[in-house]
Amino acid sequence: MSSAETVPPANLAALIHTDELARFDYGDDHPFKPLRARTTIELCARYGLLDGPGVVRIAPQAAEPAYLERFHDPAYLAVLRRASGGVHDVAALARGIGTEDCPVLRGIWEFCLLATGATQACVAAVLDGTARRAFNLVGGFHHAFRGRAEGFCYVNDAGAAIEDLLARGLRVAYVDLDAHHGNGVQDAFYAEDRVLKISLHESGATLYPFGGAETELGAGRGLGFNVNVPLLERTDDEVYLETFEALVPPLLEAFRPDVVVAELGADAHVSDPLSHLRLTSGAYYRLVERLCALAPRLVGLGGGGYDVFRAARCWTLAWAAMAEREPQDGYAGLVGGMMFGSENDGLFDRPSPTTGAAKDRARAEARRVVEFHRRSVFPRLGATSP
Ligand SMILES: [Zn+2]
């Protein structure tokens, strides 16, 4: 890639945040709470993760509207801007704004520009040598399409960042760990072979957006560059990590991205009220550790997560992994490959394995999907099984 490869980054990780993002309110009845970001910052401070060698904090600026136009239809952005002033009309509704999921919210335009500016700052930080990894807690709005809002997402900051990276001639791997399928990113880059899309998510049989089947493999020259991993309800750490290991490292090693953009939605956590997966916070730590080891440059984005406190714990651990710190905690080491804490109030959850027939079903389905991709995608990308 560019000069970024020859100059070692000054820091391991950059945390991009302003409290202005955390203060934006979707309304009491809406499950999306930007406040999670403030809780994460507070937890990071409590565990001593915000300063010291190897880490830097950056306050983002609002993105220019032109940055969003890299991804979005300008006519859609004009409608969003009007809706942000309180205009609730048929044109907005036709673009998905004014629904229960994406209500007309005063100031949403400015919020979107600032959240996207934070993701843009992540891209800048990993390319200009500031840090090897960068994390925007209020990003990863993966359900927004080029021309419409969907699933709490009005603009797709991940998509705009990917367009930015492509325009610089870089190869991008997009890895989506959110419980929901990354439909907006998939749709935008479905025919693109310079972007490898990998989404692990709860099956569309039981969760919005009700797609993301393994058979959606991409189109045209992008065929084989779209890898969906639908998982059954109650999939736990053990099955999820086994599935991740079987697919993600070999695919990234074969594709050789310059930058990995990762959507780290914390809604696959066992406590999440919207999804039915069963990850613990320790799984997030392990997954982000693995992504850090595999990615030459990593842009981490927050995404979903509807249990505010537990999402903040997952992202505190994600940040610790990016900064290569071990949070001093009830952390009690490794047991059977899984981390656990001795205290409920620590960052690491107690193990929460699924048992019995539900576990057998979840494992069998995950292994079936892995085999499907080993046969259909691996040969196309030149990937080999571990
Ligand atoms: Zn989600």
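Report on the accompanying structure. In this text, all values refer to a predicted model and were calculated from it rather than measured experimentally.

**As for the sheet that holds strand β6 (residues 226-231)**
1) Next: Here we have eight strands laid out as an open sheet, ordered β2-β1-β3-β8-β7-β4-β5-β6, and parallel in their pairing. Each edge of the sheet is formed by a strand with only one pairing partner; in this case those strands are β2 (55-58) and β6. Averaged over neighbouring strand pairs, the angle between their axes works out to 15° when direction is ignored.
2) Next: Alignment of strand β5 (residues 195-202) against β6, held across six bridges, turns out to be parallel. Across the sheet, the residue bridging to Ser 199 is Asn 228, located in β6.

**Side note on empty space enclosed by the protein**
1) Next: Applying the stated criterion across every chain yields a total of one cavity of 30 Å³ or more.
2) Next: There is about 40 Å³ of room inside the largest cavity.
3) Next: Lining the largest cavity we find Tyr 174, His 181, Gly 182, Val 185, Gln 186, Lys 197, Ile 198, Ser 199, Asn 226, Val 227 and Asn 228.

**Considerations on the packing of aromatic side chains**
1) Next: If you walk through the whole model with that rule in mind, you get 12 aromatic pairs.
2) Next: Plain terms: the ring middles of Phe 71 and Phe 189 are 6.1 Å apart, the flat faces sit at 50° to each other, and that makes the pair tilted. Residue Phe 71 is located in the loop between α3 (65-69) and α4 (74-84), and its partner Phe 189 is located in the loop between α8 (183-188) and β5; the two are separated by 118 residues in the primary sequence.
3) Next: Relative accessible area serves as the criterion here: at 2%, Phe 189 is assigned to the buried category.
4) Next: Between Phe 152 and Tyr 306 the ring centres are 5.6 Å apart and the planes differ by 80°, which places this aromatic pair in the edge-to-face class. Of the two residues, Phe 152 sits in the loop between β3 (131-136) and α7 (157-167) while Tyr 306 sits in the loop between β8 (298-301) and α11 (308-322), which places them 154 residues apart along the sequence. Like Phe 152, the residue Tyr 306 is buried in the burial classification.

The rules behind these values
Residues numbered from 1 in each chain as written. Predicted model: local features only at pLDDT ≥ 70, side-chain atom pairs only at ≥ 80, totals over all residues. Heavy atoms only, no water. Pairing = 2+ DSSP bridges. Helix = DSSP H or I, 4+ residues; strand = E, 2+ residues; numbered from the N terminus. Axes fitted to C-alpha atoms, helices over the stretch in contact; angles between N-to-C directions. 1 Å grid on protein atoms, 1.4 Å probe; cavity = no way out; pocket = protein on both sides within 12 Å on 5 of 7 lines; lining within 4 Å. Points joined across faces, edges and corners; volume = space filled by probe spheres on them. Phe/Tyr/Trp six-rings, centres within 6.5 Å; stacked < 30°, edge-to-face > 60°. Buried < 20%, exposed > 50% of the residue type's maximum accessible area, 1.4 Å probe, protein only.

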